[in-house]
Amino acid sequence: MSKRPNSLAHGLVEALSQQIRLGTLAPGAKLPSEGAIVAEHGVSRTVVREALSRLQASGLVETRHGVGTFVLQREPAHGLRLNVDTALSVRGILELRLGLETQAAALAAKRRSESQLQRMRKALDDYQRSLANNDSCVEEDKRFHLLIAEATGNTYFTDIMQHLGDAMIPRTRLNALEKGDADLSQLGQVANLEHEAIYQAIRKQDADAARAAMWLHLSNSRDRFNAD
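Every chain is numbered on its own, with residues counted from 1 as its sequence reads. Side-chain atom pairs in this predicted model are given and counted only at pLDDT of 80 or more, local residue features only at pLDDT of at least 70, and totals for whole chains, interfaces and linings cover all residues. Think of the side-chain values as coming from all heavy atoms in the structure, minus any hydrogens and water.

Colleague: Even after reading the chapter, I still don't get the overall build of the chain, so can you show me in this structure?
Modeller: A tally of regular secondary structure across the chain gives 10 helices and 2 strands. Going from the N terminus to the C terminus, the chain shows its helices and strands as α-α-α-β-β-α-α-α-α-α-α-α. Three labels apply to residues, based on accessible area from a 1.4 Å probe with only protein chains included: buried if under 20% of the type maximum, exposed if over 50%, partly exposed otherwise in between. Taking all 228 residues of the chain together, the buried fraction comes to 47%. Long-range pairs, those at least 24 residues apart, make up 77% of the contacts in the chain between residues at least 6 apart in sequence. For the chain, the accessible area works out to roughly 11,400 Å², and carbon and sulfur atoms hold 50% of it. For the purposes of this entry, the term helix denotes a DSSP run of H or I that reaches at least four residues, the term strand denotes a run of E that reaches at least two, and both are numbered from the N terminus. Whether two residues touch is decided by their heavy atoms; if any such pair falls within 4.5 Å, the residues are in contact. Residue exposure ignores everything except the shown protein chains as possible cover, and the areas themselves are Shrake-Rupley values with a 1.4 Å probe.

Quick look at the structure:
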């Protein structure tokens, strides 16, 4: 049986984003043409367009109409000076979440209720309000991810997420020295865009898009918190 377009787009998103993270596609580099990607990966133009749309939504690329699609410069988290122990702790939790929450997002897209979707929307609205007021948005961040776990209908997901508690949010692992002069609100703004992509996929009940959006969010989070 042939693969669904959404599944193919998810695989293409992973392949292209991996090239971006490894530097094979460096900041400022132009991605291969649509036709070249079709030929290299054996997918349709529809799949390529969907994958590029998801990469653009996650902030990895931008499309300039009539010119092409280019890799964006990923801003470093200025001022963060993570020690090795903190970096390993953050990376370990995010590796666990990558396995857990990508599947949770896909299940939530299939099973969420309208009430659960409304509560996710409120969590993101509260998150945006806290960012605008320069307040901590850790609780809203945590609430959004817990609501996705709840929407799976599988209590084991919520049990594990609740057990992680505040530790699931990387910036709660930093001490004052490690934060330095870092603008954590800027990190919050980037994460907020990624949250929106996850929410929209769940709203549309697109399991593959939700899985891809969560994978990008958590892998981006892992890359944002690396040791010097």
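Colleague: I keep staring at the environment of M120 and nothing clicks. Help me out?
Modeller: Tracing the chain through its elements places M120 in helix α5 (residues 114-132). Of the residues examined, M120 reaches a relative accessible area of 0% and is grouped as buried. Taking the C-alpha atoms as reference points, M120 and Y199, 79 residues apart in sequence, are found 7.4 Å from one another. Non-local contacts of M120, meaning those with residues more than four positions away in its chain, are made with F144, L147, I148, A151, Y199 and I202.

Colleague: Explain helix α6 (residues 138-151) to me, please; I cannot follow it from the model alone.
Modeller: One turn of the α-helix equals 3.6 residues, which is why residues spaced by three or four share an orientation. Counted at 1.5 Å a residue, the expected span for α6 with its 14 residues is 20 Å, and the 20 Å between its end C-alpha atoms agrees. Most of α6 is tucked away: 10 of the 14 residues are buried. Considered for burial, the residues of α6 that qualify are V138, E140, D141, K142, F144, H145, L147, I148, A149 and A151. Any helix carries an expected span of 1.5 Å times its number of residues minus one.

Colleague: Sorry, what's going on with the pattern of salt bridges here?
Modeller: Side-chain pairs of opposite charge can arise where the charged atoms are in close proximity. One side-chain nitrogen of Lys or Arg within 4 Å of one carboxyl oxygen of Asp or Glu is enough to make a salt bridge. In the structure shown here, the tally under the stated rule is 14 salt bridges. We note a salt bridge from E34 to R45, for which the minimum N-O separation is 2.9 Å. Within this pair, whereas E34 is found in helix α2 (residues 34-41), its partner R45 is found in helix α3 (residues 45-57), the two being separated by 11 residues in sequence. Under the relative-accessibility criterion, E34 is labelled partly exposed at 23%.

Colleague: Help me understand the nonpolar core in this model?
Modeller: It is characteristic of soluble globular proteins that their nonpolar side chains tend to be buried jointly. By size, the foremost hydrophobic cluster in this structure holds 51 residues, and its most contacted members are L12, L55, M120, F144, I148, I198 and I202. Counting residues per element, the ones that place at least two in this core are α1 (5-22), α3, α4 (84-111), α5, α6, α7 (155-164), α9 (184-203) and α10 (207-224). Setting aside chain neighbours within four positions, we find I202 in contact with A105, A108, A109, R112, L117, M120, I148 and A210. Here, the term nonpolar core denotes a set of buried Ala, Val, Leu, Ile, Met, Phe, Trp, Tyr and Cys residues that are joined through side-chain atoms within 4.5 Å.

Colleague: When you look at the pairing of strand β1 (residues 61-64) in this model, what are you seeing that I'm missing?
Modeller: Within a regular strand, side chains alternate between the sheet's two faces. Bridging between β1 and strand β2 (residues 68-71) involves 4 bridges; their strand directions are antiparallel. In the sheet register, T63 faces β2, and the bridge partner there is T69. Two strands pair under a simple rule: DSSP has to find at least two bridges between them. The loop that links β1 with its antiparallel partner β2 comprises 3 residues; one of these, G66, has a positive phi angle of about 85°.

Colleague: Explanation requested: α10 in the structure shown.
Modeller: Its 18 residues place the ends of α10 26 Å apart at the C-alpha level, agreeing with the 26 Å of an ideal helix rising 1.5 Å per residue. Taken across its 18 residues, α10 has 15 buried, putting it largely inside the fold. For α10, the N-terminal capping position is held by D206, with its side-chain oxygen 3.3 Å away from the main-chain nitrogen of D208. We call two N or O atoms a polar contact when they sit within 3.5 Å, provided that within protein one can donate a hydrogen and the other can accept it, with sequence-adjacent residues counted only if both atoms are side-chain atoms.

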